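Understanding the architecture of this molecule
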Amino acid sequence: MGSDKQSGSPRPLLGTLKIGRVRTILTHTYPYPHEHSRHIMTAVIIACLFFISSDNMHTLIHKLDNNIKWWSMYVCLIGFFYFFSSPFLGRTIQPSYSNFNRWYVAWICFASLYHLPSFQSMGVDMRMNLSLFLTIYFSSVLFIIAFHIIFIGLWYIGLVARMAGTRPGIWTILQNCTVISIACCVFYSHCGNRAVHKRKSFGSSSDPNLLAFLENENGSTWISNFLRMNQLKDQICSSWFAPVGSASDYPLLAKWVIYGELVCSGSCAGPSDEISPLYSLWATFVGLYIANFVVERSTGWALTHRSTDLEDEKLKRHMKPDFLDMVPWYSGTSADLFKTAFDLMVSVTLFVGRFDMRMMQAAMKGPTNDTHNSDLLYDYFNEKEDLWFDFVADTGDGGNSSYTVARLLAQPSIRTIIGGSMHTLPRGNLLLIGGDLAYPNPSSFTYERRFFRPFEYALQPPPWYWAEHIALDKPELPPGVSKMSEYDGPQCFIIPGNHDWFDGLHTFMRYICHKSWLGGWFLPQKKSYFALQLPKGWWIFGLDLSLHGDVDVYQFKFFADLCRNKVGENDSVIVVTHEPNWLLDWYWKETTGKNVSHLIQEYLNGRCKLRMAGDLHHFMRHSATQSEKPNFVQHLLVNGCGGAFLHPTHVFRNFEKFSGTTYECKAAYPSYDESSGIALGNILKFRKKNWQFDTIGGFIYFILVFSMFPQCNLVHILNEETWSGRLKSFTSTIWSALLYIFEHSYVSSVGSLTLLMASYSFVPSKLSRRKRAIIGGLHVLTHLTAALLLMLLLELGIEICIRNHLLATSGYHTLYEWYRSMESEHFPDPTGLRARLEQWTLGLYPACIKYLMSAFDVPEVMAVTRINICKNGMMSLSRSVLIILLITAHRKLQIFHKVSY
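Thresholds, definitions, all that
Residues numbered from 1 in each chain as written. Predicted model: local features only at pLDDT ≥ 70, side-chain atom pairs only at ≥ 80, totals over all residues. Heavy atoms only, no water. Pairing = 2+ DSSP bridges. Helix = DSSP H or I, 4+ residues; strand = E, 2+ residues; numbered from the N terminus. Contact = heavy atoms within 4.5 Å. Axes fitted to C-alpha atoms, helices over the stretch in contact; angles between N-to-C directions. UniProt positions renumbered as here; feature names shortened; annotations may be inferred. Phe/Tyr/Trp six-rings, centres within 6.5 Å; stacked < 30°, edge-to-face > 60°. Buried < 20%, exposed > 50% of the residue type's maximum accessible area, 1.4 Å probe, protein only. Patch = residues over 30% accessible without salt bridge, like charges linked within 9 Å, V, L, I, M, F, W, Y side chains within 5 Å. Areas by Shrake-Rupley, 256 points an atom, 1.4 Å probe, with all protein chains shown as cover. Salt bridge = Lys/Arg side-chain N within 4 Å of Asp/Glu carboxyl O. Parallel < 35°, antiparallel > 145°, perpendicular 65-115°, else oblique. Nonpolar A, V, L, I, M, F, W, Y, C, P; charged D, E, K, R; others polar. Disulfide = S-S within 2.5 Å.

1. A look at the sheet that holds strand β16 (residues 661–669)
- Read across the open sheet, the nine strands follow the order β1-β9-β10-β11-β12-β14-β13-β16-β15; overall the sheet is mixed. Each edge of the sheet is formed by a strand with only one pairing partner; in this case those strands are β1 (377–378) and β15 (657–658).
- In the sheet, strand β13 (residues 619–624) pairs with strand β14 (residues 633–639) via five bridges, with the strands oriented antiparallel. Bridge pairing in β14 links Phe619 to Asn639.
- Each of β1, β9 (530–533) and β10 (538–542) touches helix α16 (residues 553–565); the most contacted strand, β10, lies at about 170° to it.

Pasting the structure below:
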């Protein structure tokens, strides 16, 4: 299990964590997904600024005053979307979800920005770049997928090397197609699709007064030099990215290419015969991708590099542990959380007070005399000269945090500084775990992947261990050991917590009471509660409190008989429970655990020196102050730091009395000040830590305003002449919407009442019902007002764009229809390639691009649908359009909700 030798020189704690058979493995740390994509996007942004800034600098300077309101909207939108996407920048917990949100936020952001007019006034047509991007992206994806299908088919019939059968990742294809499309759009935004490039002077098209202002007499200012770079860019377009030639040079390709736009000073004689430079660039990129893939998969290069890659992959799979990440408590997307709520309702209704597994354990006991029951009393520790034990609770979150705690528990020894001197703390002969073994609900899957796996990786079980083995006659002693007193390895005893009781203790009994090993710790335990007789007159009582926070009658009888018949008058007892009722009762102003208190006060009568518990995920130790009055418990300790999320300690700052005894806090982690700071920081950091909560928040807000879509009468707000009048009209609209929800709506009113009941139940029960109702009502009113405010802002933004003819100008397919008109003008097709593609694909070629552009243009879809509803009513929409509208509104409110949160 590792060496027990100690070094004589003092070393820090982490420097002493030597591992023999202990595996130091943390779960896979996901890098920033697609790291190269971030660098590519940065390069593209810089290139776009380089390409468009000098060409449009004079336009920006001249028209900045006229566009100030639109630029303000740009700043607000970009800042707004940055706030929403901030949890996904530079960090990833689950790449699939975070990648989706990154792309979704970027999609909504661009779809909203391109409708604003400022870029058009600068000479940059966002519509052309977006529509061209979608067309090239869709075409690239189809072309590359078709190539891979053909290539795999050639591998299947044996015409290419066996490495060709390795399928590429879909994300790799999508990334490459994205990069190709962006590169083509950047090229087109500056160089266009000109077949004959006639160089133009920048000065001829610029304002002479502007140039006179920017240039001095020598023409050497940095601004003028920056503007002269336009000539360099024209040279790049005409020389580096010139058309590869005319179609007559490539007769076989004449009918399979896109032609360039003919640009000449006068009238042009005949159509262009030059191949489109944009098409040439796209074909070059696609050709490089295909050539790279073919070389890697079909030549000796792949074979020479194959072994190292496969060994690395095998090593990664071997080293990557199987335990799960920490529980996403606020995700709202975990099926385990819903199953937990269901199991809790069933357990409270069925098991508590009706069927209790502790009664079943008492009925199945062997001997009549409880004090000699080997299933409950383990007295072989008494034969040892001394004994070290470790205590931890709440290991249920799993992941790296629980593994780290298990790894520390597994070390042969650790060295730390206590009171200014170095001390060596050996690994405990006994490990006590205080419940809540696996969150959020007990099951075979969560017990194995959140509890057993981290401990197995920290301290490996013996070679003969078999995970599926069921121990029928415990203890199943290791080979060469005839009785428990001879076994010198680490042992473990566990009490269940409230989460372990959610299934009526079924999983706990299966995995704790009928298994023999927890990693390298031996499990002799047979029941959910136990008593351990330790050396030098010490005892440990492990109590099972079930879901109602107290021991049952049979359990009480066992420990009471033990106190009368086995525990000496001068012995000392450590009582272990899952819940620290001394803190919880003080906080909630309740009295729980009456049977436990009666056992300690009447039967132990001063012999209880220490009470230990978990449940609260922090560390606190209180000691009784000196007093003439006798105290029933000398020390109170909470240690729920088994790897779960952190609970505050500052809320228990004023705790000082329990059972008539005054206590003083001797240690707390985190400290009161640190705990208060962490709690205050949660106001801003909650979403960064719990970004999956967006789903719940967006859904709640969507239900609250469901009955209010759409708002067709917002013109009165815009017709007000002063800002104060608009604000007053906007406020009155919110008040009218609130009244409408409670007087006429169905879905929104039911959602509000449901949220009110949930808010009332979450208010601390120690308050009076009146205060709980007031607090819950104010909480719901705040959320309802925020939801209405965000909904009206969304509707008002759409109304402004409609009135300025930026949205809802020509139906759902505005972007596609505009692009087709521009495509025929700037991308000549004298051979009819597009018509042939449409015929061969049975109309799928233009239809897919058409609906792809419509799906991308979310604001246009919302605006057109809103107008149709306002004119003809909700029943005029088809079910598919209505579903799309509701999903879109829900996702938008999901984004807006986080800003208000």
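2. A look at the UniProt feature "transmembrane region" (unreviewed entry) in the protein
- In this structure's numbering, the residues bearing the UniProt feature "transmembrane region" (unreviewed entry) are residues 40–58, 70–90, 102–119, 131–157, 169–191, 695–718, 738–762 and 774–794.
- From the first C-alpha to the last, residues 131–157 spans 40 Å; its make-up is 96% helix and 0% strand.
- Taken end to end, residues 738–762 comprises 88% helix and 0% strand; its first and last C-alpha atoms sit 24 Å apart.

3. A look at the packing of aromatic side chains
- Applying the stated criterion across every chain, the model contains 37 aromatic pairs.
- Centre to centre, the rings of Phe143 and Trp282 are 5.7 Å apart; their planes meet at 75°, and the pair counts as edge-to-face. In this pair, Phe143 sits in helix α5 (residues 126–156) while Trp282 sits in helix α9 (residues 277–298), placing the two residues 139 residues apart along the sequence.
- A residue is classified by how much of its surface remains accessible, and Phe143, at 42% relative accessible area, is partly exposed.
- In this structure Trp282 comes out as buried when scored by relative accessible area, which is 16%.
- An angle of 80° between the planes, with centres 5.8 Å apart, marks the rings of Phe147 and Phe293 as edge-to-face. Note that Phe147 is positioned in helix α5 and Phe293 in helix α9, a separation of 146 residues in sequence.

4. Examining a nonpolar patch on the surface
- Residues Trp155, Tyr156, Ile157 and Leu159 make up a contiguous nonpolar surface patch of roughly 510 Å² in combined accessible area.
- You can see Leu159 is positioned in the loop between α5 and α6 (170–191).
- Taking the relative accessible area as the measure of exposure, Leu159 reaches 61% and is therefore exposed.

5. Some points on the packing of helix α20 (residues 694–704) against helix α23 (residues 747–762)
- At a closest axis distance of 7 Å, the pairing of α20 and α23 adopts a crossing angle of 130°. By the angle between their directions, the pair α20 and α23 is classed as oblique. Together, Ile700, Ile703 and Leu704 of α20 and Val747, Ser748, Gly751, Ser752 and Leu755 of α23 make up the contact between the two elements.
- The class makeup of the residues in the contact of α20 with α23 is five nonpolar, three polar and no charged.

6. Observations regarding the pattern of salt bridges
- Considering all chains together, one arrives at 10 salt bridges under this definition.
- Two residues, Glu823 and Arg820, come together in a salt bridge whose shortest N-O distance is 3.3 Å. With Glu823 and Arg820 both in helix α25 (residues 814–826), this residue pair falls three residues apart, about one helical turn.
- Judged by its relative accessible area of 7%, Glu823 falls in the buried class.
- Using a relative accessible area of 32% as the deciding quantity, one classes Arg820 as partly exposed.
- By sharing partners, the salt bridges in this structure join Arg820, Glu823, Asp829 and Arg834 into a single network.

7. Concerning the pairing of β9
- What you see with β9 is no split at all: Phe530 and Leu532 on one side and Ala531 and Gln533 on the other are buried throughout.
- With two bridges joining them, β1 and β9 adopt parallel strand pairing. When the bridges of β9 are listed, Leu377 appears paired with Ala531.
- Where β9 meets β10, four bridges bridge the pair, whose relative direction is antiparallel. Residue Leu532 lies in a different strand from β10, and its bridge partner there is Ile540.
- If you look at the hairpin formed by β9 and β10, you'll find four residues sitting between the two strands, and Lys536 has a positive phi there, around 60°.

8. Focus: the state of the cysteines
- Applying the stated criterion across every chain, the model contains one disulfide.
- For Cys712, the disulfide goes to Cys870, at an S-S distance of 1.9 Å. What sets the handedness of the Cys712 and Cys870 disulfide is the S-S torsion sign, and at about -85° it is left-handed. With a gap of 158 residues between them, Cys712 in the loop between α20 and α21 (715–719) and Cys870 in helix α28 (residues 858–872) connect regions that are remote in the sequence.
- In this structure Cys712 comes out as partly exposed when scored by relative accessible area, which is 31%.
- Exposure remark for Cys870: the relative accessible area of 33% places this residue in the partly exposed category.
- Summary of cysteine pairing: Cys563 is not part of a disulfide, and the nearest cysteine sulfur, belonging to Cys608, is at 9.5 Å.

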